[in-house]
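# Report on the structure
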Amino acid sequence: MANIVLDVKQHKAIQGMKNGCILCGDVGSGKSRTALAYYYIQNGGVINQQNMRKKPLDLYIITTAKKRDNGEWEEELTPFSLSTQKDLNYYNNNVVIDSWNNIKKYKDITNAFFIFDEQRLVGSGAWVKAFLKMAKKNQWILLSAT
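Conventions and cut-offs
- Residues numbered from 1 in each chain as written.
- Predicted model: local features only at pLDDT ≥ 70, side-chain atom pairs only at ≥ 80, totals over all residues.
- Heavy atoms only, no water.
- Helix = DSSP H or I, 4+ residues; strand = E, 2+ residues; numbered from the N terminus.
- Buried < 20%, exposed > 50% of the residue type's maximum accessible area, 1.4 Å probe, protein only.
- Contact = heavy atoms within 4.5 Å.
- Axes fitted to C-alpha atoms, helices over the stretch in contact; angles between N-to-C directions.
- Parallel < 35°, antiparallel > 145°, perpendicular 65-115°, else oblique.
- Left-handed = near helix turned anticlockwise from the far one by under 90°.
- Nonpolar A, V, L, I, M, F, W, Y, C, P; charged D, E, K, R; others polar.
- Pairing = 2+ DSSP bridges.
- Core = buried A, V, L, I, M, F, W, Y, C linked by side-chain atoms within 4.5 Å.

## Side note on the side chain of Ser 32
Within the secondary structure, Ser 32 is located in helix H2 (residues 31-42). Residue class for Ser 32 comes out buried when judged on its relative accessible area of 11%. Those residues within four positions of Ser 32 in sequence are excluded, and the remaining contacts are Trp 73, Glu 76 and Leu 143.

Here it is, written out as structure tokens:
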């Protein structure tokens, strides 16, 4: 396990987070790392110890196509010993990174943890309807820079 580095503001943010919250912060402020640390702690983990319960909740990260494709989230997962690749994921859970364009694929998932990045929830369209269905059956947080 790599060293999980969080600054004072990230630790403070985690203390105030709960299921269904919106984590706001400037671009580059560490929202992704903070969200993953919150997920890690919620699944029994202690920062800088590889002790999350052996079968944590499946993790779904819904983000922009660009962030999905450029590996940014994969890099953020590494210090937590998590990966979308089964052979690199220390834990026996599913980790999926996909784009908002595909959110409808996940509307029937239950008992999982979702991180909604770069929020795109405006109005009453298909993305909002899928999100509302998912939010009722899963734990989730939403990341926003606006």
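From this point on, the discussion continues.
## Topic: the packing of helix H1 (residues 8-16) against H2
Close contact between H1 and H2 brings their axes to 10 Å; oriented N to C, the two are set at 50°. When the axes of H1 and H2 are compared, the pair comes out oblique. As H1 runs across H2, the sense of the crossing is right-handed. Together, Gln 10, Ala 13 and Ile 14 of H1 and Arg 33, Thr 34, Ala 37, Tyr 38 and Ile 41 of H2 make up the contact between the two elements. Looking at the contact of H1 with H2 residue by residue, the classes come out as 5 nonpolar, 2 polar and 1 charged.

## Some points on the pairing of strand E1 (residues 21-24)
By the alternation rule, side chains of E1 split into Cys 21 and Leu 23, which are all buried, and Ile 22 and Cys 24, of which none is buried. Note that E1 and strand E5 (residues 139-144) share 4 bridges and pair parallel. Within E5, the position partnered with Ile 22 by the bridge is Leu 142.

## Looking at the nonpolar core
Leu 59, Leu 82, Ile 115 and Ile 141 are the most contacted members of the largest nonpolar core, which has 28 residues in total. Taken together, the elements giving at least two residues each to this core come down to E1, H2, strand E2 (58-63), helix H4 (72-77), strand E3 (95-99), strand E4 (112-116) and E5. Examining the composition of this core, we find that 6 residues originate from one element, H2, more than from any other. For Leu 59, the contacting residues outside a window of four places in its chain are Leu 36, Tyr 39, Leu 77, Leu 82, Asn 93, Asn 94, Val 95, Val 96, Phe 113 and Ile 115. Core analysis: the next-biggest nonpolar cluster, separate from the first, contains 14 residues, Tyr 60, Ile 62, Tyr 106 and Ala 112 among them.

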